[in-house]
Amino acid sequence: TQEELGVEGGLIKEISWEFNNPGAPLLDKDVQVYMANTSHSHVMNDYLAEDDMICVFSGKASFPSGQNRLTITLSEPFPYAGGNLAILTKKIKDPETGIRVTYHAQNFPDIPRTAIVVNSTGIISPREMLKSSMLPCLRLKLDTDGGASLSGTVSCQGAAVAGACVSIDGKMTDAITDVAG
């Protein structure tokens, strides 16, 4: 929802997830990500098929062993209009390993937030969907397209600090400083 994202709209340029891969690295796997602005609020009753969404990424991604972050730069920025944002992510199950990558998630008890289909075909059938109250924790990198901006340099004893997380209280957005602080 708009309240959860903390912005009224903007261009989404990147999406990332924290995940755990308990097995061997999964390299160069086919991944597709779709997005849609929607007024729908129930993932099971108001399912949006991929044909009703915009494919924002179709390519390869790797899932190294252990705790990691998968970051995908979108092929084209997605115009988030505020309101609800539907995200569909497809990764074909790895039949040779059977490894299932798990994503860090937040629980919304008794509220279906995620629809899950596990198969090796990549074809999504609403009849196969399992509902979950777990919503994967994800980060979106977006431009607020004309909104307010924050600028400056993070430094310590006069030297720029790289890798510092800068956030605004009450907002669900943040940025990581580069080598220039």
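Everything discussed here concerns the structure shown above.
Criteria and thresholds
Residues numbered from 1 in each chain as written. Predicted model: local features only at pLDDT ≥ 70, side-chain atom pairs only at ≥ 80, totals over all residues. Heavy atoms only, no water. Salt bridge = Lys/Arg side-chain N within 4 Å of Asp/Glu carboxyl O. Helix = DSSP H or I, 4+ residues; strand = E, 2+ residues; numbered from the N terminus. Buried < 20%, exposed > 50% of the residue type's maximum accessible area, 1.4 Å probe, protein only. Core = buried A, V, L, I, M, F, W, Y, C linked by side-chain atoms within 4.5 Å. Contact = heavy atoms within 4.5 Å. Pairing = 2+ DSSP bridges.

(A) Representation of the pattern of salt bridges in the model. Applying the stated criterion across every chain, the model contains 2 salt bridges. Of the charged contacts, one joins Arg 69 and Glu 18 as a salt bridge, the two residues approaching to 2.5 Å between their closest N and O atoms. Taken together, the residues span a long stretch of sequence, with Arg 69 in strand S4 (residues 66–80) and Glu 18 in strand S1 (residues 10–21) at a distance of 51 residues. Given the relative accessible area of 27%, Glu 18 is considered partly exposed.

(B) Local environment of the nonpolar core. If you look at the biggest cluster of nonpolar residues, it comprises 20 residues, and the most contacted ones within it are Ile 12, Met 35 and Ile 72. Secondary-structure elements contributing two or more residues to this core are S1, strand S2 (26–38), strand S3 (54–63) and S4. In terms of residue count, the dominant contributor to this core is S4 (5 residues). Listed in part, the 6 residues of the second largest apolar core include Tyr 34, Leu 48, Ala 86 and Leu 88.

(C) Inspection of the environment of Ala 61 at higher detail. As for its position among the elements, Ala 61 is in strand S3. Classification of Ala 61 as buried rests on a relative accessible area of 7%. Once the C-alpha coordinates of Ala 61 and Leu 26 are considered, the two residues, 35 residues apart in sequence, prove to be 8.6 Å apart. Setting aside its immediate chain neighbours within four residues, Ala 61 contacts Leu 26, Leu 27, Asp 28, Lys 29, Val 31 and Leu 70.

(D) Expanded view of the pairing of S2. Bridge count between S2 and S3: 8 bridges; the pairing is antiparallel. Along S3, the bridge assignment pairs Asp 30 with Lys 60. Sheet topology places S2 next to strand S5 (residues 84–91); 8 bridges connect them, and they run antiparallel. The residue of S5 that forms the bridge with Ala 36 is Ala 86.

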